[in-house]
Every structure is written in structure tokens, then in C-alpha cells.
Amino acid sequence: MLILFLILIMLTWFLMELARRIYHIVYLVRISLLFDSINSKEDLLFLRKRDFEYVVAEIFKRSGYRVRMSDHFGEGGTGIILNDILYVQARKERYQHLMEIEQAKKLAKHMRENGIYRGMLITLGDFKNNTKNFCHLNVIKCINGNQLLQMCKDVQSSGILPLFVRF
């Protein structure tokens, strides 16, 4: 009876894990299709926070980077790790928002704690001058909304579905 119960628990766990992975794959396909429909900063602004981060990750995937998402980034935030050597933090802010130096300091601290020596801050707005200076000194690249949109357009496909989506 106990063995049957353990088998039932393991089967339930396996099915839940399978469902979670299938959901994640469907979500990534949705992000890929959504990515190709982005034409303006407004399209990026109206994305949910999680979708925005995955769209930014898609830019780097299509640029040839090995991309990992991280749930434990800085002070509990999320982030993107490129090729295990570059930390990227994408912040979805309004266009008029100027990124404060504190966000760059948090990223620099997280980088130091993990032995990473290059970073990138991305925002839909822009950066204050002191933030840009701090980032330059700490090898953190600042990407504003206009640059992000251009990066997105540079790697968008020409309407061709990814190989794994074609039937």
C-alpha cells in the first residue's frame, strides 16, 4: 500500500513537472511571436514586466548569446545572464524616467559578489549623467529605450516562423 502511494506521488510530481515545462515552452514560443510584432517603444511599454524581460532575452538569443534567466538577481530582482560572463538588468520604466545611480550600484555590487566583471542596464527611459559615469567606471553598458528598440529591430525575423514552430 505504501509503495502504491509513493508511486502515485512520484507520478503526480512527474506530470506536474511535465505540465510546467510544456507551459514554459508555449510561453517562449508566444514571446518569440510577440517579439516579431514589436515596432515601437509603445509596444515595449505595454508589455507585462515578465514579458518585457523575456523579450529583452530574445534579443540576445537572436544575437547569438547563450541566455539564462535568473530569479535571484541583485536584491531579489530578476535578470539575464549572457554566456555566464555578463549580467543584464532590464527595467521597464516610462520614457521620461531617468535611471538613478542606485540601480547601477546594486548591479555593480551583485557583479562583484559573483565574480562578474561586465554588466548592462537596460531601460525604456534614459540615464542620468552620474549614472552613466558610474556605469562607465564599472564596465556596465547603458542601453536606453531608443537603443533597445533599434536592437530589437536589428534581430527581428522577416516574418519567417522559427523552425520548431513550422508544421
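Bear in mind the structure is a predicted one, so any value in this text is a computation, not a measurement. (Residues numbered from 1 in each chain as written. Predicted model: local features only at pLDDT ≥ 70, side-chain atom pairs only at ≥ 80, totals over all residues. Heavy atoms only, no water.)

## Concerning the packing of helix H1 (residues 2-35) against helix H3 (residues 49-62)
Put simply, the rule is: Axis lines are fitted to C-alpha atoms, over the contacting stretch for helices. Their N-to-C directions set the angle, which ranges from 0 to 180 degrees. Numbering goes from the N terminus for both helices and strands, where a helix is a DSSP run of H or I of at least four residues and a strand is a run of E of at least two. These descriptions rest on fixed angle ranges, namely under 35 degrees for roughly parallel, over 145 for roughly antiparallel, 65 to 115 for roughly perpendicular, and the rest for oblique. In this description, contact between two residues means that some pair of their heavy atoms is separated by no more than 4.5 Å. Under the grouping applied here, Gly and all other residues not named as nonpolar or charged are polar, the nonpolar ones being Ala, Val, Leu, Ile, Met, Phe, Trp, Tyr, Cys and Pro and the charged ones Asp, Glu, Lys and Arg.
One can describe the packing of H1 onto H3 by two numbers: an axis separation of 10 Å at closest approach and a directional angle of 75°. The angle between the axes of H1 and H3 places the two elements in the roughly perpendicular class. In contact with Tyr-23, His-24, Tyr-27, Leu-28, Arg-30, Ile-31, Ser-32, Leu-34 and Phe-35 of H1, H3 contributes Arg-50, Asp-51, Tyr-54, Val-55, Glu-58, Ile-59, Lys-61 and Arg-62. Here the contact of H1 with H3 is composed, by residue class, of nine nonpolar, two polar and six charged.

## Concerning the packing of aromatic side chains
So the rule is basically this: Two rings belonging to Phe, Tyr or Trp (six-membered ring only in the last case) form a pair when the distance between their centres is within 6.5 Å. Interplanar angles under 30 degrees mark stacking, angles over 60 mark edge-to-face geometry, and anything in between is tilted. Only protein chains enter the accessibility calculation, which uses a 1.4 Å probe; a residue whose area is less than 20% of its type maximum is buried, one above 50% is exposed, and one in between is partly exposed. Over a ring means this: the NZ of a Lys or the CZ of an Arg is within 6 Å of the ring centre and within 35 degrees of the ring normal.
As enumerated under the stated definition, the model contains two aromatic pairs in all. An angle of 90° between the planes, with centres 5.2 Å apart, marks the rings of Tyr-27 and Tyr-54 as edge-to-face. Taken together, the residues Tyr-27 in helix H1 and Tyr-54 in helix H3 connect sequence positions 27 residues apart. Of the two residues examined, Tyr-27 and Tyr-54, each falls in the buried class. The cationic tip of Arg-50 hangs over the ring face of Tyr-27; the distance from NZ or CZ to the ring centre is 4.1 Å.

## Structural notes on the packing of helix H4 (residues 101-113) against helix H5 (residues 129-137)
Formally: A clockwise turn of the near helix away from the far one marks a right-handed crossing, whereas an anticlockwise turn of less than a right angle marks a left-handed crossing.
Interaxial distance between H4 and H5 falls to 8 Å at its minimum, and their mutual angle equals 15°. It follows from the interaxial angle that H4 and H5 lie roughly parallel. Here H4 runs over H5; the crossing is right-handed. Across the interface between the two elements, Ile-101, Ala-104, Lys-105 and Ala-108 from H4 touch Asn-130, Thr-131, Phe-134 and Cys-135 from H5. Among the residues forming the contact of H4 with H5, the class breakdown is five nonpolar, two polar and one charged.

## So, the pairing of strand S5 (residues 118-123)
Threshold: Here, strands pair whenever DSSP counts at least two bridges between them.
Burial analysis of S5 places five of its six residues in the buried class, the great majority of the element. Looking at chain direction, strand S3 (residues 86-91) and S5 are connected through six bridges and run parallel. If you follow Leu-86 over to S5, its bridge partner there is Arg-118. Direction of pairing for S5 relative to strand S7 (residues 140-143): parallel, over a ladder of four bridges. The partner of Gly-119 across the bridge, within S7, is Ile-140.

## Describing a nonpolar patch on the surface
Quick reminder of the rule: The residues that make up patches have over 30% relative accessible area and no salt bridge, and they are joined within 9 Å when like-charged or within 5 Å when they are Val, Leu, Ile, Met, Phe, Trp or Tyr. Here the Shrake-Rupley method, with its probe set to 1.4 Å, supplies the accessible areas, and only the displayed protein chains count as covering residues. The rule for a salt bridge is simple: a side-chain nitrogen of Lys or Arg has to be within 4 Å of a carboxyl oxygen of Asp or Glu.
A cluster of nonpolar side chains, Leu-11, Trp-13, Phe-14, Leu-15, Leu-18, Ile-22 and Val-26, forms an exposed patch at the surface whose accessible area comes to about 720 Å². Mapped onto the elements of the fold, Val-26 is located in helix H1. For Val-26, a relative accessible area of 53% gives the class exposed.

## Quick notes on the pattern of salt bridges
One pass over the full model with this rule turns up 11 salt bridges. For Asp-51, the salt bridge identified is with Arg-30, shortest N-O distance 3.1 Å. Linking Asp-51 in helix H3 with Arg-30 in helix H1, this pair joins segments that are 21 residues apart in sequence. When its relative accessible area of 3% is taken as the criterion, Asp-51 is described as buried. Residues Lys-109 and Glu-113 are paired through a salt bridge, measuring 2.9 Å at the closest nitrogen-oxygen approach. Of this pair, Lys-109 and Glu-113 both sit in helix H4, separated by four residues, roughly a single helical turn. Taking relative accessible area as the criterion, Glu-113 reaches 54% and is therefore assigned exposed. Three or more residues are tied together by salt bridges with common partners; here these are Glu-17, Arg-20 and Arg-21.

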